[in-house]
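# Observations on chain architecture
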Amino acid sequence: MIDIHSHIIFGVDDGAKTIDESISLIKIEIENGVTDIICTPHYRKGMFEAQSNLIEENFNKLVEEIKKLNLPINLYLGREIYYNEKVLDKIKNKQLYSLNNSNKYLIEYSYTSNTEIDEHVYNFSRFGYQMVIAHIERYEYITSLDYVYELKELGALIQVNASTICGKNGHKQYKKVMNYIRNGLVDFVASDIHFSRINYMKDAYNIIKKKCGIEIAEKLFNSNAKILIK
C-alpha cells in the first residue's frame, strides 16, 4: 500500500515529536502493509509554519535512520496545506511542497466554515496544478453528492481517511465515505497518521475489499497513488 497523507517527520508539526516516534510510526505502517509513504507535515498560517530547511533536514535524518535500520519503506516529501487566500501565490512561488514534486497539492479546509472549494479547484487547474482534497468527509458543509461530482469534474482528486472507513469518526462520516466510494468519487485512502492516533490502513483495506471488491481496494490504497511516487 501507498500512504499519501502522514505526519511522521519529527519536530515540524503536531505529528511525531522525536525521531524515535517517527520510527515507531513507520514500523506500524510497515506492519499495516505500507511500502511507500508521502510525508505531509502541516502548513497552516499562524499555527504550523515550519520552514522548508527544517523539514528537509529532519526528513533527511529520518531517511538515513531508516537505511541504518534496514526498514523496507520508501519516503517522499509533501505537505498538507490549510487553504487561505495566499496559498496559490505561495505555490506559484515554490514556497510550499507538492506531493513528491508532482503538480498535485494536498489541501485541507475548515471543517465547519463553508468554503467555495469549487472555485479554488478551478483556479488551481488554471495554473496547471491539481488539488487533492484532504479527508473530504470531515467537511460538514459538503452534504451533496452532486457537489463532489462537480469538484471531480473541475479536476480535484479526493482523499479520505482510513479511520473513517473503520467507523472511528462517527457513523455520519462513515456513511459519506462509503457513498463516495461506491459512486467512484474517491481517489486515495490514507492514514493521516499522527503519533497520538491508531493506524487503520490494513483494517480499512480489508473492509473495502469485502464491501467493494479487491479491484477497488487496490485502486484506492495502491495503484492510484503510484502516479505520485513514479
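The following paragraphs examine the structure supplied in this document. (Residues numbered from 1 in each chain as written. Predicted model: local features only at pLDDT ≥ 70, side-chain atom pairs only at ≥ 80, totals over all residues. Heavy atoms only, no water.)

A sheet is described by the order of its strands in space; here six strands give the open sequence β3-β5-β6-β7-β8-β9, paired in parallel fashion. A single partner strand is all that each edge strand has here, and the edge strands are β3 (42–43) and β9 (188–190). Both strand β6 (residues 104–108) and strand β7 (residues 130–133) contribute to a ladder of four bridges, which runs parallel. In the strand pairing of β7, Ile107 is matched with Ile133. (Pairing = 2+ DSSP bridges. Helix = DSSP H or I, 4+ residues; strand = E, 2+ residues; numbered from the N terminus.)

So, on to the pattern of salt bridges. Across all of its chains, the model carries seven salt bridges by this definition. Linking Glu57 and Lys61 is a salt bridge whose minimum nitrogen-to-oxygen distance equals 3.3 Å. One end of the pair is Glu57 and the other is Lys61, both in helix α2 (residues 52–69) and four residues apart, which spans about a single turn. Overall, the relative accessible area of 42% leaves Glu57 in the partly exposed class. Relative accessible area serves as the criterion here: at 41%, Lys61 is assigned to the partly exposed category. Among the ionic pairs, Lys92 bridges to Asp89, the shortest N-O distance being 3.6 Å. Of the two residues, Lys92 and Asp89 are both situated in helix α3 (residues 87–92); the distance of three residues between them amounts to about one turn of the helix. The exposure class of Asp89 is partly exposed, given its relative accessible area of 37%. (Salt bridge = Lys/Arg side-chain N within 4 Å of Asp/Glu carboxyl O. Buried < 20%, exposed > 50% of the residue type's maximum accessible area, 1.4 Å probe, protein only.)

We now examine unusual backbone geometry. Unusually for a residue other than glycine, Asn100 sits at a positive phi of about 55 degrees. Along the chain, the position of Asn100 falls in the loop between α3 and β6. Located in the positive-phi region is His135, a residue other than glycine, with phi close to 30 degrees. Examined against the element boundaries, His135 turns out to sit in the loop between β7 and α5 (145–153). What makes His135 buried here is its relative accessible area of 1%.

On to the packing of helix α8 (residues 201–212) against helix α9 (residues 214–223), then. Between α8 and α9, whose axes approach to 7 Å, the crossing angle comes to 145 degrees. As α8 packs across α9, the resulting crossing turns out to be right-handed. Seen from α8, the contacting residues are Met201, Ala204, Tyr205, Ile208, Lys209 and Cys212; seen from α9, they are Ile214, Ile216, Ala217, Glu218, Leu220 and Phe221. Taken together, the residues that form the contact of α8 with α9 break down as 10 nonpolar, no polar and two charged. (Axes fitted to C-alpha atoms, helices over the stretch in contact; angles between N-to-C directions. Left-handed = near helix turned anticlockwise from the far one by under 90°. Contact = heavy atoms within 4.5 Å. Nonpolar A, V, L, I, M, F, W, Y, C, P; charged D, E, K, R; others polar.)

We now examine the packing of helix α1 (residues 19–31) against α2. Relative orientation of the contacting elements α1 and α2 amounts to 60 degrees, with a least axis distance of 11 Å. The pairing of α1 with α2 is recorded here as oblique in orientation. Helix-helix and strand crossings are classified by hand; for α1 and α2 the assignment is right-handed. In contact with Ile19, Ser22, Ile23 and Ile26 of α1, α2 contributes Lys61, Leu62, Glu65, Ile66 and Leu69. Counted by class, the contact of α1 with α2 contains six nonpolar, one polar and two charged residues. (Parallel < 35°, antiparallel > 145°, perpendicular 65-115°, else oblique.)

The class for Asn100 is buried, based on a relative accessible area of 18%. At 2.7 Å, the side chain of Asn100 forms a polar contact with the backbone oxygen of Leu228. For Asn100, the residues in contact, after removing those within four places along its chain, are Tyr76, Leu77, Leu228 and Ile229. (Polar contact = N/O pair within 3.5 Å; in protein donor to acceptor, adjacent residues only side chain to side chain.)

This part takes up helix α7 (residues 171–182). For α7, which comprises 12 residues, the first-to-last C-alpha distance of 16 Å matches the rise-based estimate of 16 Å (1.5 Å per residue) to within 8%. What α7 keeps buried is the set Gln173, Tyr174, Lys176, Val177, Met178, Tyr180 and Ile181. Buried residues along α7 sit against α5, β8 (157–161), α6 (162–165), α8 and α9. Directly after α7, the chain includes Gly184, whose backbone phi takes a positive value near 70 degrees. (Expected span 1.5 Å × (residues − 1).)

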